[in-house]
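If you want the building blocks of each chain, they are given just below.
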Amino acid sequence: QMKETFEKNLAQSQAEEKENQKAYEDLKAAKEEEIAAGQSQMDTKTAELADSEEKNAQAKEDIEDTKTSLSADEQFLMMLKEKCSMTDKEWEERQKTRQLE
């Protein structure tokens, strides 16, 4: 009877061990999938970060170019206003001269 009890306990323990081993392997597979998904997501985010940094650098370059262009345009506008003002004065002088004739 003791032998039967031990055999029964052994069989029960072996069955539990098989169940536990199966549960462990399932858990391990699930965790490995999570790790792979996390690694994939990390790679994607790293690529997105690099792309964003490149776009940011390009935008900073563009803003510098735009500021330089704006400065040149403002200088041109000032010169144009001065020239127009001088032309207006010359025109008024000519008008006065013609009226006097």
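Residues numbered from 1 in each chain as written. Predicted model: local features only at pLDDT ≥ 70, side-chain atom pairs only at ≥ 80, totals over all residues. Heavy atoms only, no water.

Q: Give me the lowdown on the overall build of the chain, citing residues and values where you can.
A: From N to C terminus, the chain includes 1 helix and 0 strands. In terms of overall size, the chain is more extended than a compact globule, its C-alpha atoms giving a radius of gyration of 43 Å where 101 residues would be expected to give roughly 13 Å. Overall size of the chain, expressed as C-alpha extent along the three principal axes, is 145 × 20 × 10 Å. By the burial criterion, 0% of the 101 residues in the chain qualify as buried. On the chain, roughly 9,800 Å² of surface is accessible, and the fraction owed to carbon and sulfur atoms is 55%. (Helix = DSSP H or I, 4+ residues; strand = E, 2+ residues; numbered from the N terminus. Rg over C-alpha atoms; globule rule 2.2 N^0.38 Å. Buried < 20%, exposed > 50% of the residue type's maximum accessible area, 1.4 Å probe, protein only. Areas by Shrake-Rupley, 256 points an atom, 1.4 Å probe, with all protein chains shown as cover.)

Q: Account for a negative patch on the surface, with residues named and values stated.
A: Where like charges cluster on the molecular surface, the negative patch consists of Glu-61, Asp-62, Glu-64 and Asp-65. The partly exposed category is assigned to Glu-61, whose relative accessible area is 48%. (Patch = residues over 30% accessible without salt bridge, like charges linked within 9 Å, V, L, I, M, F, W, Y side chains within 5 Å. Salt bridge = Lys/Arg side-chain N within 4 Å of Asp/Glu carboxyl O. Lys, Arg positive; Asp, Glu negative; His and termini not counted. Charge placed at Lys NZ, Arg CZ, Asp CG, Glu CD.)

Q: Tell me about the environment of Asn-56, residues and numbers included.
A: On the secondary structure map, Asn-56 appears in helix H1 (residues 2-100). Sequence separation of Asn-56 and Thr-97 is 41 residues, and the distance between their C-alpha atoms is 61 Å.

Q: Please give an account of a nonpolar patch on the surface that cites residues and values.
A: A surface patch of nonpolar side chains, about 290 Å² in accessible area, is lined by Phe-76, Leu-77 and Leu-80. With respect to the helices and strands, the residue Phe-76 is situated in helix H1. Taking the relative accessible area as the measure of exposure, Phe-76 reaches 53% and is therefore exposed.

Q: Can you tell me about the pattern of salt bridges, naming the residues and giving the values?
A: Considering all chains together, one arrives at 5 salt bridges under this definition. Residue Glu-7 pairs with Lys-3 through a salt bridge whose shortest N-O separation is 3.9 Å. Within this pair, Glu-7 and its partner Lys-3 are both found in helix H1, separated by 4 residues, close to a single helical turn. Given a relative accessible area of 59%, Lys-3 falls into the exposed group. Notably, a salt bridge pairs Glu-34 with Lys-31, separated by 3.8 Å at the nearest N-O pair. Highlighted residues: Glu-34 and Lys-31, both in helix H1, separated by 3 residues, approximately one helical turn. Look at Lys-31 and you get partly exposed, because its relative accessible area is 42%.

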